Amino acid sequence: MIVLSAQFMIMLDASIVTVALPDIQHHLGFSASGVQAVVTAYNVAFGGALILGGRVGDLFGRRRLFVLGMVGFALSSLLCGLSVDAAMLVTCRVLQGLSAAAIAPTALALLADAFPEGAARARAMSRFGIATVLGFVGGLVFSGLLVDSFGWQSVFYVTVPVGALMAVLVPRLVAPSPVAARRGRLDVLGAVLITVGVALVVVAPTRASAQGWTSPQCVVPLAAGLGVLALFVVVEHRHPDPLVRLGLFRSGLLRAANVVTLASGLLSGSAYLLVTLYLQEVMGRTPVQAGLIVAPIGLVNVIWGVFLGRLIPRIGLAASLAGAPVCAGLLVALVASQVAVAQNLVLFGLALFPMGMATLATTVSSTIAATAGVTPREQGLAAGVRQTSFQLGIALGVAVLLSLASSRTSALEGKGIAHVQALTAGYRTAMYVLAALVIAAGVVTFAEVRNHSRALAST
């Protein structure tokens with residue numbers, strides 16, 4: 001429950017701030033484009049430091065780092081709510097993202113420590129997947145209600161008591177991992193390179209959404225990030241005690257798991273956001289009403305997630321890993337086909353349920369696969385890689401698909417199409433592209449898993 005609460009809190013924070021941005025801009029004096037830094041600062045710090053956080057937990061103690069992360073998250077969230085100007089809020093969001101990067105991979109590694117690989121871990125990871133999806137959807141659902149009732153500060157204050165309570169309970173209820181107690185030497189150069197490289201790759205799509213994909217603001221950080229990551233691979237290959245053991249990625253199952261994790265980030269970050277924007281901007285619903293339409297998906301997923309923990313071991317992890325994203329993509333396409341100017345909300349809401357169930361299945365199967373076959377001493381590293389893939393999927397999905405929807409809308413309006421019809425077509429196109437990307441991830445995963453199975457059979 002401690003680990004699930006931590007994951008829920010982190011994913012809640014990843015989505016809950018979005019609705020509060022207009023109020024934050026008004027009260028703290030952000031410019032219309034500058035207010036996006038509130039989201040970007042968190043995402044870049046979080047995404048950039050995830051692998052480092054996972055490896056530090058492996059070397060110096062997962063429970064210790066988890067508690068420090070919780071304390072940091074609670075304090076930085078409190079300071080975010082107390083911010084008096086733009087600079088203070090952005091700085092505190094960076095600290096909040098770094099704290100989350102300490103929590104997320106160690107939380108998943110602690111869960112892998114506590115449950116042996118097999119049916120027990122599958123059930124535990126299904127709960128972890130529930131917390132991931134519920135947290136992100138919960139942020140979209142409750143953000144409008146919180147902002148309307150208590151002001152923009154409340155979206156930060158809501159996580160303070162959770163973080164403080166977890167910091168108190170963890171030392172009393174969670175046993176330290178015997179592996180985590182083993183101290184090691186930190187590869188400082190590798191830590192700097194991986195953090196800077198991933199941060200630059202994460203920030204590129206956020207710049208693209210505002211400046212365009214061919215703009216220097218997007219191309220320069222993307223190229224620099226890929227260059228730094230290439231240098232990181234060279235350094236790690238030669239280092240006697242690398243931050244990331246590159247041999248870990250020889251596992252076809254692990255590579256496939258991270259492809260599906262990227263797809264689950266695309267789904268979790270973009271599908272629900274596109275749906276809520278469609279409900280508000282086309283169907284004329286308030287943020288609170290849109291949230292209430294989406295909310296039942298989370299309730300159904302709680303029940304569905306319990307069955308997933310038992311179903312995936314019976315179906316087989318490889319089949320679930322390849323099949324879940326294909327099903328999810330097809331169901332996203334089904335929802336996209338229902339996006340229209342005049343739509344029955346009951347029918348539209350019913351179409352969301354299977355999409356949400358397939359999204360959860362994608363998240364759970366990829367989470368189980370990301371920790372399968374990994375030695376206990378590298379669970380934090382594997383968790384950090386998994387969380388980085390997921391975060392990158394969210395960042396890319398939001399930037400690419402919202403930019404695509406906007407471009408499609410503008411192009412149709414340029415041809416004389418009415419605004420609401422052009423807006424609808426933009427969201428529909430973005431959802432069809434999302435569906436195609438997720439299905440492609442399933443196809444790639446099928447090929448990777450098949451090759452992995454053949455390699456195992458030959459040995």
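Here the residue numbers are simple positions, counted from 1 along each chain's written sequence. Whole-chain, interface and lining totals are the exception, using all residues; otherwise, since this is a predicted model, local features are given only for residues with pLDDT of at least 70 and side-chain atom pairs are given and counted only at 80 or more. Neither water nor hydrogens contribute to the side-chain values; these are computed over all heavy atoms in the structure.

### Thoughts on the overall build of the protein
Here a helix means four or more residues in a row that DSSP labels H or I, a strand means two or more in a row labelled E, and each is numbered from the N terminus. Each helix and strand in the protein was counted, giving 16 helices and zero strands. Against the compact-globule benchmark of 23 Å for 459 residues, the protein has a radius of gyration of 21 Å, which places it among compact chains. Along the first, second and third principal axes, the C-alpha set of the protein runs to 65 × 55 × 45 Å. Buried, partly exposed and exposed residues are distinguished by accessible area as a fraction of the type maximum, computed with a 1.4 Å probe on protein chains only: under 20%, between the cut-offs, and over 50%, respectively. Buried residues in the protein amount to 54% of all 459 residues. Here, residues are in contact when the closest pair of their heavy atoms is within 4.5 Å. Taking contacts inside the protein between residues at least 6 apart in sequence as the whole, the part at least 24 apart equals 84%. Put simply, the protein shows about 18100 Å² of open surface, and 69% of that area lies on carbon and sulfur atoms. The distance from the centre of the 27 positive side-chain charges to the centre of the 14 negative ones in the protein is 9 Å. This radius of gyration counts C-alpha atoms alone. The globule rule is 2.2 Å times how many residues there are, raised to the power 0.38. Under the convention used here, a 1.4 Å probe and the Shrake-Rupley method define accessible areas, while residue burial counts only the protein chains that appear. Only four residue types enter the charge count, namely Lys and Arg as positive and Asp and Glu as negative; His and the chain termini do not. One atom stands in for each charge, and that atom is NZ of Lys, CZ of Arg, CG of Asp or CD of Glu.

### Comments concerning the packing of helix 6 (residues 119–150) against helix 14 (residues 345–371)
Their axes nearest at 8 Å, the elements helix 6 and helix 14 cross at an angle of 130°. By the angle between their axes, helix 6 is oblique relative to helix 14. In this structure, helix 6 meets helix 14 at a crossing whose hand is right-handed. Between helix 6 and helix 14, the contacting residues are R121, A122, M125, S126, F128, G129, I130, T132 and V133 on the first element and L360, T363, V364, T367, I368 and T371 on the second. Polar here means any residue outside two lists: the nonpolar Ala, Val, Leu, Ile, Met, Phe, Trp, Tyr, Cys and Pro, and the charged Asp, Glu, Lys and Arg; Gly therefore counts as polar. For the contact of helix 6 with helix 14, the residue count by class is eight nonpolar, six polar and one charged. The convention used is that axes are lines fitted to C-alpha atoms, helices contributing only their stretch in contact, and that angles between N-to-C directions extend from 0 to 180 degrees. An angle counts as roughly parallel when it lies under 35 degrees, as roughly antiparallel when it exceeds 145, as roughly perpendicular when it falls between 65 and 115, and as oblique in every other case. What makes a crossing left-handed is the near helix being turned counterclockwise from the far one by less than a right angle; a clockwise turn instead makes it right-handed.

### Notes on empty space enclosed by the protein
Here a cavity denotes a set of grid points, spaced 1 Å apart and computed over the protein atoms alone, in which a 1.4 Å probe fits but from which it cannot get out, and a pocket denotes an open set meeting protein on both sides within 12 Å along at least five of seven lines; residues with an atom within 4 Å of a point are reported as lining. Grid points are joined across faces, edges and corners, and a volume is the space filled by probe spheres set on the points. Scanning all chains against the criterion turns up two cavities of 30 Å³ or more. Counted as a void, the largest cavity has a volume near 50 Å³. What lines the largest cavity is Q7, I10, M11, F46, A104, R386, Q387, F390 and Q391. Where the lining of the largest cavity is concerned, the elements lending two or more residues are helix 1 (2–16) and helix 15 (379–414). If one sorts the elements of the lining of the largest cavity by residue count, helix 15 sits on top with four residues. Of the residues contributing to the lining of the largest cavity, the split by class is five nonpolar, three polar and one charged.

### Quick word on the nonpolar core
Of all hydrophobic cores here, the largest spans 86 residues; its most connected members are F66, L279 and M431. If we skip the residues at most four places from it in the chain, L279 touches G284, R285, A290, I293, V294, L345 and F348. Here, nonpolar core means buried Ala, Val, Leu, Ile, Met, Phe, Trp, Tyr and Cys residues that are tied together by side-chain atoms lying within 4.5 Å of each other.

### Here's the deal with the confidence of the model for the protein
A score from 0 to 100, pLDDT tells how confident the predictor is in each residue. In the predicted model, the protein carries a mean pLDDT of 83, and 95% of its residues have values of at least 70. Confidence scores differ between elements of the protein, with helix 9 (residues 188–211) showing the lowest mean pLDDT of 78 and helix 4 (residues 62–81) the highest of 92.

### Concerning the pattern of salt bridges
Side-chain pairing between opposite charges can occur once the charged atoms of the two side chains come close. We define a salt bridge as a side-chain nitrogen of Lys or Arg found within 4 Å of a carboxyl oxygen belonging to Asp or Glu. Tallying each qualifying case throughout the model produces four salt bridges. One salt bridge connects D13 with R93, and the closest N-O pair in it is separated by 2.9 Å. Taken together, the positions of D13 in helix 1 and R93 in helix 5 (residues 86–114) put the pair 80 residues apart, joining distant regions of the chain. This pair shows no difference in class: D13 is buried, exactly as R93 is. One salt bridge in this structure joins D58 and R55, with 3.2 Å as the shortest N-O distance. Note that D58 and R55 are positioned in helix 3 (residues 37–60) at a spacing of three residues, about one turn of the helix. Neither D58 nor R55 differs from the other in exposure class; each is buried. Look at the salt bridges and you will find they share partners, linking R55, D58, R62 and D113 into a network.

### Concerning helix 13 (residues 317–337)
A helix is expected to span 1.5 Å multiplied by its residue count minus one. Counted at 1.5 Å a residue, the expected span for helix 13 with its 21 residues is 30 Å, and the 30 Å between its end C-alpha atoms agrees. Bend, at a single residue, is the angle you get between axes fitted to the 7 residues ending at that residue and the 7 residues starting at it. Maximum bend of helix 13: about 25°, positioned at G323, with proline P325 one to four residues after it. Every buried residue of helix 13 is listed here: S320, L321, A322, A324, P325, A328, G329, V332, V335 and A336.

### Let's talk about the packing of helix 5 against helix 6
Closest axis-to-axis distance for the helix 5/helix 6 pair is 9 Å, and the angle between their directions is 155°. One way to sum up the angle between helix 5 and helix 6 is to call them roughly antiparallel. Here helix 5 runs over helix 6; the crossing is right-handed. Where helix 5 abuts helix 6, its residues L108, L111 and A112 lie against R121, A124, M125 and F128.

### Notes on the layout of surface pockets
A probe as big as a water molecule, rolled over the atoms, marks out the empty space that is left. Its volume calculated, the largest pocket comes out at about 1400 Å³. Here the lining of the largest pocket gets ten residues from one element, more than from any other, and that element is helix 15. Across the lining of the largest pocket, the residue classes tally to 23 nonpolar, 19 polar and four charged. The space that makes up the second largest pocket amounts to roughly 560 Å³. Taken together, 20 residues make up the lining of the second largest pocket; nearest its centre are I51, V385, T388, S389 and L392.

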